[in-house]
Each structure stands twice: as structure tokens, then as C-alpha cells.
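# Secondary and tertiary structure notes
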Amino acid sequence: MPTKTRSTRPKADKVLTDAVEVARAAAVEISSAEDVGEHLGVVMLDERLAMHQFACERRGYQGWHWSISVARAPRAKIATVCEANLLPGDQAVLSPEWLPYAERLAPGDIGAGDITPYIEDDPRLEAGFEATGDEDVDETGFFELGLGRPRVLSAEGRDEAAQRWYDGAHGPTSEIAVKAPAQCTTCGFFLPMAGALRQVFGVCTNAWSPSDGAVVSLDHGCGAHSEVELDLPSSEPEQGHVLDEFALEVSEAAPAAPEQEPPAAVEVEPAAPESELPEPTDATSESDAPDDGPQEA
């Protein structure tokens with residue numbers, strides 16, 4: 001014979017479910033009458049404990065609702081307000097989850113004058129070279145190995161940087177690398193890095209390359225490769241000069257000078273012919289004769 005199991009769902013309480021106005025008054029008390037909308041329903045939370053929900057009409061709180069908890073004492077016929085809250089619904093717009101400053105900082109966020117906080121247990125760093133007292137050994141560590149810093153890059157920090165560079169714009173999957181005629185590993189402008197990263201990365205030194213001065217992978221590439229030969233077009237014209245007799249060059253003419261009236265004509269009498277000239281008279285000839293001086297008697 002099967003045993004009867006008691007339902008875990010609380011039994012509806014008429015006193016609490018009917019206390020809609022009591023719950024509304026509590027919601028209006030913590031906000032205003034304009035912010036409390038229609039009654040969305042009531043849910044039994046426990047025995048003699050229920051929660052009424054009202055739509056929130058406050059601007060900027062779309063999808064939120066007022067939640068008012070009411071309860072009653074045993075054998076009591078009056079509902080009492082326990083809590084009043086504004087809670088988000090499934091369609092509510094919420095702010096993103098808060099993250100500490102050190103975790104929220106992203107690459108590229110540091111600008112001029114910005115300073116990052118000191119992280120004592122940074123997994124990307126480890127203790128650096130310490131002086132041993134031996135002058136020769138310390139000189140090798142400080143100058144040849146480039147150490148002498150309190151902390152240096154750890155294996156985890158190196159792997160993290162390598163993966164970030166390899167997946168970035170200077171790795172093999174970028175668009176410029178996919179369309180490149182050759183890879184950086186055969187380019188004369190490729191300068192290999194020192195240390196463990198030398199096997200995968202180097203620095204571009206070509207001023208014509210978009211990756212100039214940046215860390216690039218061996219299998220990266222661009223169109224400025226030093227060993228790519230192209231068939232350059234001839235610098236001579238393919239054909240001689242062509243004269244286009246149908247092309248017209250239109251230019252504005254200079255303004256014409258104002259017209260002037262020609263000078264009035266002067267009538268000149270024609271000279272008489274030599275045969276018609278009058279003969280000189282004696283008086284005229286004597287008076288006009290040249291004076292040759294005194295004559296001899």
C-alpha cells in the first residue's frame with residue numbers, strides 16, 4: 001500500500017492572498033503612487049507567508065517589480081508587511097558584474113600619466129638575478145643577460161605574451177599575412193629576438209612595412225618582403241605621341257580696344273609740273289644773283 005507524502009508546496013492562505021491593498025500601500029510608502037503599477041500576482045513562500053508583486057513604472061527600471069512580503073500570526077485574521085523590495089525580472093536591464101580594477105584593466109587602456117598598481121604576487125613575473133659578490137659573475141648577469149631587475153618575466157608570463165602576439169595583428173592569421181607573398185622568416189628586415197622567444201618571434205625593421213618596429217612571428221608576412229621579385233613595367237611609353245586634332249582648347253580672348261575715329265582728311269594741292277613754273281624776271285634774277293664780291297673795273 002503506497003504511503004502518502006506531504007506536499008512541499010504551501011497551502012494558499014486567503015488572508016494573505018487578499019491583502020493586495022496592504023501590500024500596495026507598503027510599495028507606495030517606499031516610492032510613490034505613480035511608480036507602483038498593476039498587481040502581477042501573489043506567491044506563497046511558506047506557511048502564513050506570501051509575496052505580492054507589482055509592476056514598476058519608474059523610469060529607467062523597465063522589467064523590474066515591487067516585491068512585498070506579508071505574513072500573519074497563527075489564528076490571526078490580519079496580514080502584516082514583512083519586507084518591501086524592488087527586484088529585477090527576467091527582462092530587466094542590469095549593470096555588468098563588478099570586477100576589481102586589476103582585473104578590469106585591458107591592454108591599451110594605459111595612457112600618458114596613468115600608473116598601474118603594484119601586484120606583489122603577479123604570476124607573470126618571478127625573482128630576477130641577485131648579486132653574488134663575484135664581480136665577473138655579476139657583470140655577466142647584469143650586462144650580458146640584461147638582468148639586474150627585482151623581477152623578470154616568468155614562464156607563465158612569457159607564454160601568455162607569446163600567445164597574445166601570435167593571435168594578434170602581427171601573427172600568421174591576420175589578413176595581411178594571409179595575402180603576403182612570403183613569410184618573415186626569409187625576409188632580410190627580420191631581426192630575431194633573444195632568449196626563448198627567438199624560436200617564434202622577431203622584430204620588423206622595414207620602414208615600408210606596416211609592422212615596422214613591432215614584434216612579428218616567423219610565419220607572419222607582408223608585401224614589403226625583401227626577397228620578392230616582381231616584373232616591373234617599362235618606363236618607356238608603349239607608343240609615340242598622339243596628336244588629337246579634334247580636341248579644342250577654349251580660352252578667353254583679350255578685351256578689344258575701343259574704336260577711335262580716323263583723323264579728318266586734309267586736301268593737298270598737287271605740285272605743278274616743272275614746265276609750268278614761271279620764268280624768273282631780270283629784276284628777280286639780279287636781286288637773286290649771288291654776291292660774288294667786288295668786281296674789277
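Read on for a plain summary of the structure. Here the structure is a predicted model, which means the values were calculated and not measured.

All right, on to the overall build of the protein chain then. The helix and strand inventory of the protein chain stands at seven helices and nine strands. Burial analysis of the protein chain (297 residues in total) assigns 20% to the buried set. A separation threshold of at least 6 residues defines the contact pool for the protein chain, and within that pool the share at least 24 residues apart is 49%. Summing over all exposed atoms, the protein chain offers an accessible surface of approximately 24,600 Å²; the carbon and sulfur share of this is 53%.

Time to look at the environment of Asp167. Examined against the element boundaries, Asp167 turns out to sit in helix H5 (residues 155–167). Residues Asp167 and Ser217, 50 residues apart in the sequence, show an inter-C-alpha distance of 9.8 Å.

Both faces of the sheet carry side chains from a regular strand, because those side chains alternate between them. Counting buried residues along strand E3 (residues 64–71), eight of its eight residues qualify, which places the element largely inside the surrounding structure. Burial along E3 is two-sided: Trp64, Trp66, Ile68 and Val70 and His65, Ser67, Ser69 and Ala71, pointing in opposite directions, are all buried. Across seven bridges, strand E2 (residues 49–56) lies against E3 in antiparallel orientation. Residue Met51 lies in a different strand from E3, and its bridge partner there is Ser69. Note: E3 against strand E4 (residues 80–88), eight bridges, orientation antiparallel. Considered in E4, the bridge of Ala71 is made with Thr80.

Glancing now at H5. Because each turn of an α-helix spans 3.6 residues, side chains separated by three or four positions end up pointing in the same direction. In this model, H5 (13 residues) spans 18 Å end to end at C-alpha, consistent with the 18 Å of a helix rising 1.5 Å per residue. Residues Gly157, Ala161 and Ala162 constitute the buried set of H5. Along the axis of H5, the buried positions cluster into a sector of 130°, meaning they face one direction only. Taken together, the buried residues of H5 touch strand E6 (151–153) and strand E8 (201–204).

For the structure shown, the criterion picks out five salt bridges. In this structure, Arg72 and Asp13 form a salt bridge, with 2.6 Å as the shortest nitrogen-oxygen distance. Taken together, the positions of Arg72 in the loop between E3 and E4 and Asp13 in the segment before helix H1 (14–17) put the pair 59 residues apart, joining distant regions of the chain. Residue Asp13 is classed as buried on the basis of its relative accessible area of 8%. For the salt bridge of Lys179 with Glu175, the shortest nitrogen-to-oxygen distance reads 3.2 Å. A single burial state applies to Lys179 and to Glu175, both of which are exposed.

Below, the discussion takes up the side chain of His65. Mapped onto the elements of the fold, His65 is located in strand E3. Polar contacts involving the side chain of His65 include one to the side chain of Ser67, which spans 3.4 Å. Leaving out residues up to four positions away in the same chain, His65 has contacts with Leu40, Gln53, Phe54, Cys56, Asn85, Leu86, Leu87, Pro88 and Gly89.

This part is about the sheet that holds E4. Strand order in the open sheet formed by four strands is E1-E2-E3-E4, and the pairing between neighbours is antiparallel. Strand pairing shows two members of the sheet lacking a second neighbour, strand E1 (36–46) and E4, which therefore form its edges. Going from strand to strand, the sheet's axes swing by 20° on average, the running direction of each strand aside. Here helix H2 (residues 20–30) sits on the sheet and contacts E1, E2, E3 and E4; the angle it forms with E1, its principal contact strand, is near 115°.

For the structure shown, the criterion picks out three aromatic pairs. Pairing Trp165 with Phe201 gives two aromatic rings, centres 5.5 Å apart and planes at 85°, and the pair type is edge-to-face. Taken together, the residues Trp165 in helix H5 and Phe201 in strand E8 connect sequence positions 36 residues apart. The exposure class of Trp165 is partly exposed, given its relative accessible area of 28%. In this structure Phe201 comes out as buried when scored by relative accessible area, which is 2%. The interplanar angle of 80° and the centroid separation of 6.5 Å between the aromatic rings of Tyr166 and Phe201 together place this pair among those described as edge-to-face. Of this pair, Tyr166 sits in helix H5 while Phe201 is found in strand E8, placing the two residues 35 residues apart along the sequence. Just above the ring of Tyr61 sits the side chain of Arg58; from NZ or CZ to the centre is 5.9 Å.

Ranked by size, the top nonpolar core spans 17 residues in total, and within it Leu16, Phe54, Trp66, Ile68 and Val70 carry the most contacts. Elements supplying a minimum of two residues to this core: H2, E1, E2 and E3.

A few words now on the environment of Cys222. Checked against the element boundaries, Cys222 lands in the loop between strand E9 (215–217) and helix H7 (282–288). The class for Cys222 is buried, based on a relative accessible area of 10%. Between the C-alpha atom of Cys222 and that of Ser211, which follows or precedes it by eleven residues, the distance is 8.3 Å. For Cys222, the contacting residues outside a window of four places in its chain are Ile176, Ala180, Pro181, Ala182, Ser209 and Pro210.

Rules used throughout
- Residues numbered from 1 in each chain as written.
- Predicted model: local features only at pLDDT ≥ 70, side-chain atom pairs only at ≥ 80, totals over all residues.
- Heavy atoms only, no water.
- Helix = DSSP H or I, 4+ residues; strand = E, 2+ residues; numbered from the N terminus.
- Buried < 20%, exposed > 50% of the residue type's maximum accessible area, 1.4 Å probe, protein only.
- Contact = heavy atoms within 4.5 Å.
- Areas by Shrake-Rupley, 256 points an atom, 1.4 Å probe, with all protein chains shown as cover.
- Pairing = 2+ DSSP bridges.
- Expected span 1.5 Å × (residues − 1).
- Arc of directions from axis to C-beta.
- Salt bridge = Lys/Arg side-chain N within 4 Å of Asp/Glu carboxyl O.
- Polar contact = N/O pair within 3.5 Å; in protein donor to acceptor, adjacent residues only side chain to side chain.
- Axes fitted to C-alpha atoms, helices over the stretch in contact; angles between N-to-C directions.
- Phe/Tyr/Trp six-rings, centres within 6.5 Å; stacked < 30°, edge-to-face > 60°.
- Lys NZ or Arg CZ within 6 Å of the ring centre and 35° of its normal.
- Core = buried A, V, L, I, M, F, W, Y, C linked by side-chain atoms within 4.5 Å.

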